[in-house]
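Report on the structure
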Amino acid sequence: MTSIKAKLLAAIETVPDSILEQTLDYLEYLKTREQKPQSLSQEVLQKEGEPILRGSKAKDLLKFANTWQGDDFEECLQLVYETRSQTEF
């Protein structure tokens, strides 16, 4: 019986880079879910106004969840409502 890693390696050889990129993002997301919530919250703590500079992966964006810096939230939300388009199904 082939191991999971061997199956993954075989699949990696046959898929395009766009799928590999999505797969890597998802794998990194799954790894962050395994972390203890306490250690994740300590990483998010920053000095107020100091930007968090990291890469542009989904894992990095999770650090911004439930945070907002600035006093323009209502203005930004209104801009979203004014400029979003209707969903088409």
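Residues numbered from 1 in each chain as written. Predicted model: local features only at pLDDT ≥ 70, side-chain atom pairs only at ≥ 80, totals over all residues. Heavy atoms only, no water.

Let us look at the confidence of the model for the protein chain. A residue-level look at the protein chain finds 71% of positions with pLDDT of 70 or above and a mean pLDDT of 76. The least confident element of the protein chain is helix α3 (residues 37–44), whose mean pLDDT is 50; the most confident is helix α1 (residues 4–12), at 90. (pLDDT = per-residue confidence, 0-100. Helix = DSSP H or I, 4+ residues; strand = E, 2+ residues; numbered from the N terminus.)

Taken together, the side chains of I4, L8, L9 and I12 make up a nonpolar region of the molecular surface, amounting to roughly 410 Å² of accessible area. Topologically, L8 is positioned in helix α1. Exposure remark for L8: the relative accessible area of 49% places this residue in the partly exposed category. (Patch = residues over 30% accessible without salt bridge, like charges linked within 9 Å, V, L, I, M, F, W, Y side chains within 5 Å. Areas by Shrake-Rupley, 256 points an atom, 1.4 Å probe, with all protein chains shown as cover. Salt bridge = Lys/Arg side-chain N within 4 Å of Asp/Glu carboxyl O. Buried < 20%, exposed > 50% of the residue type's maximum accessible area, 1.4 Å probe, protein only.)

There is about 270 Å³ of room inside the largest pocket. Lining the largest pocket, in full, are L8, A11, I12, V15, I19, L20, T23, L24, Y26, L27 and L30. Breaking the lining of the largest pocket down by element, the ones donating at least two residues are α1 and α2 (17–34). Tallying contributions element by element places α2 first for the lining of the largest pocket, with seven residues. Of the residues assigned to the lining of the largest pocket, the class counts are 10 nonpolar, one polar and no charged. (1 Å grid on protein atoms, 1.4 Å probe; cavity = no way out; pocket = protein on both sides within 12 Å on 5 of 7 lines; lining within 4 Å. Points joined across faces, edges and corners; volume = space filled by probe spheres on them. Nonpolar A, V, L, I, M, F, W, Y, C, P; charged D, E, K, R; others polar.)

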